[in-house]
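# A structural walkthrough
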Amino acid sequence: MAEAGSFADRVKQQADIVRVVGEYVRLKKSGQNFTGLCPFHAEKSPSFAVHPTKQIYHCFGCGVGGDVFNFVMEMEKCAFPEAIRIVAEKCGIAVPRQKERSPEERKENQQRALLVEMHREAQTFFVKQLEATLEGKAGQAYLEDRGLDKEAMTRFGMGYAPSGGDALLRHLKPKCNEKLLVESGLVSRDQSGGRLFDRFRRRITFPIANESGKIVAFGARALGDDLPKYLNSPETPIYSKSNVLYHMDRAKEGIRRQDFAILVEGYLDAIAVARAGISNVVASCGTSLAEPQIKLLGRFTRRVIVNYDPDAAGQIATERSLSLLLEQDFEVRVLALPAIGDKKADPDLFIREKGAEEYLKLLKEALPYVDYLIARARQMDLTSGEGKRQAVNFLLPYVQKIPNRILRSEWATRIAQQLRLDEPVLRAALSKAAAERRSELKIQPELVARAAKPVERRLIRMLAEAQGFRQELAKQLQNARLYHGLETEKIFEALVIASLSGQPVQATEVGAALEDRDRRLLFEILFEEANEPTWEEAMSCIEALQHRRAERELADVQRSIEANPPGQELRGLLEKKQELMRRLAAAR
C-alpha cells in the first residue's frame, strides 16, 4: 500500500492508469470506462475494464484487478518497489536513488500514518469548535455573511481554530509526542525553542485533502484583522503544496466526465463554484501553480479554464499558469470576470452577486488563451514601434512554450492581425527568436511598418477626393460594415459621415474630429502620390476588404470548432465554415 506522502503515493497520484495500461493493452472508450482484451487470460470478447476516475482495473472474466502498481507487478512479474520505479519512469517522474528499506524508513512510514491520523483528529476538533463554542458562533456568522449556510459548512468540512493558542495542542498532546506535534505543522514552537502553541488561532479552517481524500493539511482564514489573512500548513512529510490541488478529491470525477477543469485561486472561490453546481473545480490554494499539480490535472483532462482573481497579482498568476499549462500541451481558456460596481470580482463575489446562471454563461464564453493574452498586449501603447515591440516580447515567451508547430504558426497569424503587424516579417522574427531560444525580438523597421494596408489607404484617398462616386462608395462601405475592426476604422468613420452629408469633404474638418495619431495618418495618406481614382478600382478594393474579412471569420470559426462545442452548435459552425470557404474560393 502507498502511504500518504510517500514517493509511491506521489507516483500513484500523478500516474494515469489508462495511459500505463494502454501501453500493454489496446483500450477502447466505453462509457466512463475503457475496455479491452484481458492480458491475463485468453479471450475473444473484451471483459477487461479500466476505471479512469477510480484509477483501478478489473477483469470480469478471470477476476483479476487492482491499481496501477498491481497491474505492472502482474505484467512485468516484479515486486512492488520495482513496479513503482516502472510506473514513475513511464510517467516522467524522477525516481530517487533506491535504498534498502531500513528501520528508519519503516519508522518514517509509521510516522506518516500517525500524521494522517492527527489531521483527521484535528479536523474533528475544529468542526466541534465551530459548532459548539461561542467563538465558533462568530466564525459561523462570518461564513453566513459570505453566503454559506450550515449545509455548506458541513459539506466542505469547515471548522474553527480558537484564539487561546493551545486548545488543539492540549487535545492532541495525550496521544502524540512533542516531536510529532511540531512535524505535523499543526503546532509551532516559539523562537526560544521552548513553548509550544497552536499554529492556527482565531481562524476559519478549511481541510485540504490529497487526491485520495485523506486530510493532509489545513488552510485557515483570519476571522479578524490578523495577518496574514490566509495561513496554510507548512510542508510536512505528508503534505507538499506543489502536489495537492484543493477540492481535487471531490472534483476528479466531474473533471473526467466533463473533460475540463476550472482552476481558481482560493478555497472560497472553489466552494462557491462547486455550490453553483459546477463540480469540476479545483484551487491552487493561493500559491503559484506547480508542474506536479499540472501532471495531477493531466490524469483527468487536458482542458482547463483559468479563472483567477482579476487584480494585478491574479493576472501575473494567470500568465504564469498559462506558461506551465502550454508546456504540458493543455488546451487553455481564460475567464476574466467583469467588475461588480467598483469592485473587482473573484468567482466567490461574482456568484454571490450575480448568481450561478450568469457565471455559467460567462464560463461558456471564456476566451481562448491566445485572445486573452493578445487583449493584454493590446493594452500597451501600440501607436509606436517600441510599443509594438514590447507587446510582441510580452507574447513571445508563450509562443516558445507551445510544442505544436501548427499552433505556433497560428499564433503568428493572430498576433499580426490583432496588433496590426506585417505578418511575413513577424513570422520570420518569431521563428528566429524561438530557434535561438531568445525571449526578446530586436526592433526592426519592417515589423512596425506603415499603419494601414495599401487597400485601406487607397479607399481613404477616394473618400476624400473622388467627387464623382465617393457618396456611393461611402454607402457601400457603411452598409457592409467593411471598415469595422480595422486600425483605420475611426478615419473611415469620419470620412463616411462627411461623404454622406452631401457636402464637399474638408480634410481639416475631418482631421479635427480625429485623435492625433489618426489625424497624422490621414494627412500622410492625403500627401501620397496617386493616380486618378476610378469606380472599378474602388470595387476591387471593396472586394479585397470583403476577402480579408472572410478570412478572419474563417479563422474565428475554425478556433470555435477546435473548442469542441456541443453537437448543434458544432453543426452550425461547420456549415458556416463551408459557406466561408465557398465565398473565398469564388473570389479567387
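Whatever comes next refers back to the structure up there.
Each value, and the rule that gives it
- Residues numbered from 1 in each chain as written.
- Predicted model: local features only at pLDDT ≥ 70, side-chain atom pairs only at ≥ 80, totals over all residues.
- Heavy atoms only, no water.
- Helix = DSSP H or I, 4+ residues; strand = E, 2+ residues; numbered from the N terminus.
- Contact = heavy atoms within 4.5 Å.
- Areas by Shrake-Rupley, 256 points an atom, 1.4 Å probe, with all protein chains shown as cover.
- Pairing = 2+ DSSP bridges.
- Axes fitted to C-alpha atoms, helices over the stretch in contact; angles between N-to-C directions.
- Polar contact = N/O pair within 3.5 Å; in protein donor to acceptor, adjacent residues only side chain to side chain.
- Parallel < 35°, antiparallel > 145°, perpendicular 65-115°, else oblique.
- Salt bridge = Lys/Arg side-chain N within 4 Å of Asp/Glu carboxyl O.

### Notes on the overall build of the protein chain
- Looking only at helices and strands, the protein chain has 26 helices and 16 strands in total.
- Within the protein chain, contacts between residues separated by at least 24 positions form 64% of all contacts whose residues are at least 6 apart in sequence.
- For the protein chain, the exposed surface amounts to about 29400 Å²; the carbon and sulfur share of it is 50%.

### Let's talk about the sheet that holds strand 9 (residues 203-209)
- Taking strand neighbours across the sheet as the criterion, the four strands line up as 6-9-10-11 in an open arrangement whose pairing is antiparallel. The two strands at the open ends of the sheet, each matched to only one other strand, are strand 6 (159-161) and strand 11 (230-232). When strand polarity is set aside, the average angle formed by the axes of neighbouring strands in this sheet is 35°.
- Against the sheet, helix 6 (residues 134-145) engages strand 6, strand 9 and strand 10 (215-222), with an angle of about 75° to strand 9.
- Across the face of the sheet, helix 11 (residues 267-275) comes into contact with strand 9, strand 10 and strand 11 while running at roughly 70° to strand 9.

### A look at the side chain of E265
- Within the secondary structure, E265 sits in the loop between strand 12 (261-264) and helix 11.
- Within the structure, the side chain of E265 is placed 2.8 Å from the backbone nitrogen of D309, a separation counted as a polar contact.

### What about the side chain of R461?
- By secondary structure assignment, the location of R461 is in helix 20 (residues 454-465).
- Of the polar contacts made by the side chain of R461, one reaches the side chain of E465; its length is 2.8 Å.
- Leave out the neighbours within four places in its chain, and R461 touches A466, I525, L526, E528, E529 and A530.

### Things to note about the packing of helix 14 (residues 347-354) against helix 15 (residues 356-364)
- In contact at an axis separation of 7 Å, helix 14 and helix 15 are set at 125° when each is read in the N-to-C sense. It follows from the interaxial angle that helix 14 and helix 15 lie oblique. Judged by residue contacts, P347, F350, I351 and K354 of helix 14 engage A356, E358, Y359 and L362 from helix 15.

### Overview of the pattern of salt bridges
- Scanning the entire structure with this criterion turns up 24 salt bridges.
- With a closest N to O distance of 2.8 Å, E23 and K90 form a salt bridge. Taken as a pair, E23 in the loop between helix 2 (17-22) and strand 1 (28-30) and K90 in helix 4 (residues 80-90) lie far apart in primary sequence, 67 residues in all.
- Within the structure, one salt-bridge network assembled from shared partners comprises E117, R120, E121 and K175.

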